[in-house]
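Architecture and fold: a report
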Amino acid sequence: MSLESPTQIVSVKGRWILDSRGNPTVEVDVVTACGALGRAAAPSGASKGSREALELRDGEKAFHGKGVSKAVKNVNEEIANALKGLDALDQRKVDLTMIELDGTSNKSRLGANAIVATSMAVAKAAANSLGLPLYRYLGGPLADELPTPLLNVINGGEHAGNDLAIQEFMIVPWDFSSFSEALQAASEIYHTLKGYLKERYGKSAINVGDEGGFAPPMKETREALDALVEAIKESGYEGRVALALDAAATHFYDPNKDVYVIDGQELDREGLLEFYEKLIQEYPIVSIEDPLQENDWEGFKEAVKRLKVRIVGDDLLVTHPDLVAKAIKEGAANAVLVKVNQVGTVSEAWDVVDMAHRSKWAAIVSHRSGETEDTFIADFAVGVGAKAIKTGAPARGERTAKYNRLLRIEEELSTPRFARNKYFL
Ligand SMILES: C=C(OP(=O)(O)O)C(=O)O
Ligand SMILES: [Mg+2]
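Residues numbered from 1 in each chain as written. Chains lettered and ligands numbered in written order. Predicted model: local features only at pLDDT ≥ 70, side-chain atom pairs only at ≥ 80, totals over all residues. Heavy atoms only, no water.

Overview of the overall build of the chain
- Counting secondary structure elements, the chain contains 13 helices and 16 strands.
- Computed over the C-alpha atoms, the radius of gyration of the chain is 21 Å, within 12% of the 22 Å expected from 2.2 N^0.38 for a compact globule of 425 residues.
- C-alpha atoms of the chain, sized along the principal axes, occupy 70 × 50 × 45 Å.
- Expressed as a percentage of the 425 residues in the chain, the buried residues total 60%.
- Residue pairs in contact within the chain that sit at least 24 positions apart in sequence constitute 70% of those at least 6 positions apart.
- As presented, the chain carries roughly 16,400 Å² of accessible surface, and 49% of it is formed by carbon and sulfur atoms. (Helix = DSSP H or I, 4+ residues; strand = E, 2+ residues; numbered from the N terminus. Rg over C-alpha atoms; globule rule 2.2 N^0.38 Å. Buried < 20%, exposed > 50% of the residue type's maximum accessible area, 1.4 Å probe, protein only. Contact = heavy atoms within 4.5 Å. Areas by Shrake-Rupley, 256 points an atom, 1.4 Å probe, with all protein chains shown as cover.)

Okay, structure coming up:
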């Protein structure tokens, strides 16, 4: 019989829980020999990149399907058997074990949701075994920088039932000396925006989308940007809060005609780039995520050259180390969205951040539109020293859980720093 180390994994247990859209998802508990528990849950996207790791997920009749229940079974049987006895401190080995056990290139056999929830739970169990906060365990003694928050306060695209083609209209409170001051400004702007929308568009305009941002019945991009500029000004934060967009352009691209359908127009790549150029001249936009559809690598390169803001790859790069390496080499973006569940393991997401930082790219740690109360990404963002985090509006529990965790981390640190304008180009 071998001697157990305190950090050895002794149990792995999966279950289904509900996510913020009311769909079942996977939660995993990992326990180590010293009795420490790590619990984590898989989020889920709606506007996914086609190359993402594949979750085993139920369709419309979720509880009658086999998706999530199959993923839970995989955790409780194959994954549990393979991980028991491994050291929770050996994150890379844990992740490689699951990757090999799965045996597919996109984690589709065991399910990326089964794998990612286990991978995150192992990291938490390791941290708890050592009595360390997760950000400290992941980042070491000098992890003390809080990311700039990118808060999605107007929802469109796949996340809302309105006509806005662009998916996310975010405010970027950057000119503040702490995360908490930045979040306070964001909250004030959110409430000012609510009043603005109600007055102009009526009561229904303050209904919210999947990420807690308002989903007003707007037709055009500029209406949303005007509303944000006005709310920032009215709240007294002009010049201290910038704007960011997630176009998620794959989702308003018509492949049959090779055009983007936006604001009542059909624009080709050139037309859309000119459209963005004008927006950047008129509004304080510091970044555009997925400005073009996910297969248009040439278009992304053009966007980096011409738009002179952060061009963030999400659907384009799907947090995949190989795609990020290619994009760095080719100059197809200058920032990467990091969604742990998009690639499926903590160590692969770690590698992506590492590559980004070595190349002077920004890494933006991100939630998914379908979330849980899990706050893993808040600690991960501080641990890896990400320049920014996007985790929705400063409202709705599954979003505020992450922002609130960052407030507590900031309070806990004796010398907290705020990433301030490090996200900017
Ligand atoms: C968070 C996003 O949405 P989803 O989770 O639906 O992919 C995104 O596109 O950046
Ligand atoms: Mg996106």
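Moving on from the model shown.
Describing the environment of V241
- Among the structural elements, V241 can be located in strand β7 (residues 241–246).
- When its relative accessible area of 4% is taken as the criterion, V241 is described as buried.
- V241 sits 65 residues away from F176 along the chain, and the two C-alpha atoms are 9.1 Å apart.
- Every residue in contact with V241, bar those within four places of it in the chain, is listed here: I171, V172, P173, W174, F176, I189 and I232.

What to know about the coordination of the magnesium ion (ligand 2)
- Within the protein, the magnesium ion (ligand 2) binds to D246 (OD), E289 (OE) and D314 (OD); these donor distances fall in the range 2.0 to 2.2 Å.
- Donor residues for the magnesium ion (ligand 2), ordered by position in the chain, follow D-x42-E-x24-D. Separated by 68 residues along the polypeptide, D246 in strand β7 and D314 in the loop between β12 (310–313) and α9 (321–330) bring together distant segments of the chain.
- D246 gets classed as buried once you look at its relative accessible area, which sits at 1%.
- On the basis of relative accessibility, which here comes to 2%, the residue D314 falls in the buried class. (Donors = N, O, S within 2.8 Å, 3.2 Å for Na, K, Ca; no water.)

Things to note about the sheet that holds strand β3 (residues 37–41)
- Across the sheet, which stays open at both edges, the three strands sit in the order β1-β2-β3 with antiparallel pairing between neighbours. Looking at the sheet topology across the chains shown, the edges are occupied by β1 (9–18) and β3. The sheet shows a mean angle of 20 degrees between the axes of neighbouring strands, taken without regard to direction.
- With five bridges connecting them, strand β2 (residues 24–32) and β3 associate as antiparallel partners. (Pairing = 2+ DSSP bridges. Axes fitted to C-alpha atoms, helices over the stretch in contact; angles between N-to-C directions.)

Here we look at the site of ligand 1
- Taken together, the neighbourhood of ligand 1 is formed by 16 residues, with A46, H159, R368, S369 and K390 sitting nearest.
- Within the side chain of D246, a nitrogen or oxygen atom sits 3.1 Å from an oxygen atom of ligand 1.
- One of the side-chain N or O atoms of R368 is found 2.8 Å from an oxygen atom in ligand 1.
- When isolated, ligand 1 has an accessible area of 290 Å², and the protein chains bury 100% of it.
- Here the residues of the shell around ligand 1 sort into two nonpolar, six polar and eight charged. (Near = heavy atom within 4 Å. Polar contact = N/O pair within 3.5 Å; in protein donor to acceptor, adjacent residues only side chain to side chain. Nonpolar A, V, L, I, M, F, W, Y, C, P; charged D, E, K, R; others polar.)

Concerning helix α6 (residues 221–234)
- The terminal C-alpha atoms of α6, which comprises 14 residues, lie 20 Å apart, in line with the 20 Å expected from a rise of 1.5 Å per residue.
- Restricting attention to buried positions, one finds in α6 the residues T221, A224, L225, A227, L228, A231 and I232. Angularly, the buried residues of α6 cover 155 degrees about the axis, an arc narrow enough to put them on a single face.
- One or two positions beyond α6, positive phi appears at G236, with a value near 85 degrees. (Expected span 1.5 Å × (residues − 1). Arc of directions from axis to C-beta.)

Examining the packing of helix α1 (residues 67–83) against helix α3 (residues 112–130)
- Look at α1 against α3: their axes get within 9 Å of each other, and the N-to-C directions meet at 50 degrees. By the angle between their directions, the pair α1 and α3 is classed as oblique. Classified by chirality, the crossing of α3 by α1 is right-handed. Facing α1, whose interface residues are V68, A71, V75, I79 and L83, α3 presents N113, A114, I115, T118 and V122.
- Here the contact of α1 with α3 is built from residues that sort into eight nonpolar, two polar and no charged. (Parallel < 35°, antiparallel > 145°, perpendicular 65-115°, else oblique. Left-handed = near helix turned anticlockwise from the far one by under 90°.)

A word on the nonpolar core
- Core analysis: the largest hydrophobic core is formed by 128 residues, its most contacted members being I171, F252, Y276 and F380.
- Of the residues forming this core, the biggest block, eleven residues, is contributed by α3.
- Residue contacts for I171: discarding those within four places in its chain leaves P149, L150, L151, V153, A186, I189, L228, I232, V241, A242 and L243. (Core = buried A, V, L, I, M, F, W, Y, C linked by side-chain atoms within 4.5 Å.)

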